[in-house]
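# A look at the structure
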Amino acid sequence: KLAVVGGGNGFIGRALAKQLQKSGYKALSVSRKPGENTLTWKSIETEGLPKNTEVVINLTGEPVLNVFKRWTPNFKQEVWDSRIKTTKTLRTAVLAADTPPKVWATVSGVGFYPPSTSRIYDELSVPESTDFWSELTHAWENSGRIKNENTRHFVVRSGVVLGKNGGAMSEMLPPFKLGLGGPMGDGKQWFPWIHIDDIAGIFMHGVKNTSVRGVLNGVAPEAHTNGEFSKALGSVLSRPALLPLPSFVVKALYGSERSVMLLQGQNVYPKLTLDSGYVYSYPKLDAALKEVTSR
Ligand code: NDP
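Criteria and cut-off values
Residues numbered from 1 in each chain as written. Predicted model: local features only at pLDDT ≥ 70, side-chain atom pairs only at ≥ 80, totals over all residues. Heavy atoms only, no water. Helix = DSSP H or I, 4+ residues; strand = E, 2+ residues; numbered from the N terminus. Rg over C-alpha atoms; globule rule 2.2 N^0.38 Å. Buried < 20%, exposed > 50% of the residue type's maximum accessible area, 1.4 Å probe, protein only. Polar contact = N/O pair within 3.5 Å; in protein donor to acceptor, adjacent residues only side chain to side chain. Contact = heavy atoms within 4.5 Å. Phe/Tyr/Trp six-rings, centres within 6.5 Å; stacked < 30°, edge-to-face > 60°. Near = heavy atom within 4 Å. Areas by Shrake-Rupley, 256 points an atom, 1.4 Å probe, with all protein chains shown as cover. 1 Å grid on protein atoms, 1.4 Å probe; cavity = no way out; pocket = protein on both sides within 12 Å on 5 of 7 lines; lining within 4 Å. Points joined across faces, edges and corners; volume = space filled by probe spheres on them.

### Points about the overall build of the protein chain
- What the protein chain contains, in helices and strands, is eleven helices and eleven strands.
- Taking 19 Å as the expected radius of gyration for a compact globule of 295 residues, we find that the protein chain reaches 19 Å, a close match to that expectation.
- Its C-alpha atoms put the protein chain at 60 × 40 × 40 Å along the principal axes.
- In the protein chain, which comprises 295 residues, the share counted as buried stands at 52%.

### Here we look at the side chain of S125
- Note that S125 resides in the loop between β6 (120-121) and α4 (132-144).
- A distance of 2.9 Å separates a polar atom in the side chain of S125 from the backbone nitrogen of D122.
- Discounting residues that sit within four places of it in the chain, S125 has contacts with Y113, R119 and I120.

### Side note on the packing of aromatic side chains
- All told, the structure shown has ten aromatic pairs when counted by the stated rule.
- An angle of 85° between the planes, with centres 5.5 Å apart, marks the rings of W71 and F132 as edge-to-face. With W71 in the loop between β4 (53-58) and α3 (73-96) and F132 in helix α4, this pair connects stretches of sequence that are 61 residues apart.
- Judged by its relative accessible area of 16%, W71 is buried.
- Taken together, the aromatic side chains of W71, F75, W80, F132 and W133 make up a single cluster linked through ring pairs.

### With respect to the site of the ligand
- Among the 23 residues in the neighbourhood of the ligand, the closest are listed as I12, S31, E62, E78 and R83.
- A distance of 2.8 Å is found between an oxygen atom of the ligand and a backbone nitrogen or oxygen belonging to I12.
- R83 places a side-chain nitrogen or oxygen 2.8 Å from an oxygen atom of the ligand.
- Surface burial for the ligand is 83%, taken as the share of its 880 Å² of free accessible area covered by protein chains.
- Sorting the residues of the shell around the ligand by element identifies α1 (11-22), α3, β5 (103-109) and β8 (160-162) as the ones contributing at least two each.
- The biggest single contributor to the shell around the ligand is α3, with three residues.

### Points about empty space enclosed by the protein
- One pass over the full model with this rule turns up one cavity of 30 Å³ or more.
- Taken as a whole, the largest cavity encloses approximately 40 Å³ of empty space.
- Along the walls of the largest cavity sit W190, F191, P192, W193, V219, A220, E222, A223, H224, Q266, N267 and V268, which together make up its complete lining.

Here it is in structure tokens:
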């Protein structure tokens, strides 16, 4: 059984590859660089998918919260293109395959839902306003959609993925370990989170269950604010004193449009994920943080 994963060498991709292998798949990545068990984007464009590919997933994307990259029009375009062009490339390859893959899945983000301190969103919520993040996620999801009876398609709208060796925790842990961590801004914004085993687990659940189609929210069922998250992380690290990072500093570092991701948030509930029968490995924040911060 063969699975092809765009961005498969990345943070989520590596975790997913392990779960795919456990379920008997050979996982190939699609990357900008050739390598072992790796296809290049060029080869997908010119030769299509390898014969008898059963599962195709795209997890590609220029990292958004890289503080060393200024939020310029060029960088925004890179953030956009790295997601949408790669999704279109894989979608075209899926539709052109002689034997249609059984599953085609893509990732997007909870930025699909406009930030709000009061609303609770599930997969069926209709966003009432738009910003850069909701435009990006709408375009990203739409660029992957197919109407094809032979290939089942689903999208996972991911929250902030917590795991070892990558993702948001690799940015957050060093200051917290030094006792310099704390909430961003007033800390009242929602912080939709998920453990890395669960984001990979939801993709596997979707691969295995033929009833999964459409959108699944990739967040834990337990919602927390940024302030609560910081408190829980400080406590797991025995660094209970928290140093809030003022909004103006966050805006100066990231630019105001990008800061929305950090200073505002969404309360997202994984209704269809739970209804479809997914059982979380880490439904609770404390246990997730203990695992992520353990050696
Ligand atoms: P990574 O930062 O690990 O990146 C995944 C892969 O994308 C990289 O390994 C790289 O592959 C490829 N990539 C990076 N920049 C570019 C670029 N400019 N052009 C083409 N390819 C590029 O991502 P994650 O694993 O953390 O996330 C995977 C996807 O899920 C991303 O699209 C991300 O936006 C989304 N997501 C992630 C969340 C998180 O908390 N991690 C939350 C919500 C959504 P290579 O170098 O091999 O070409």
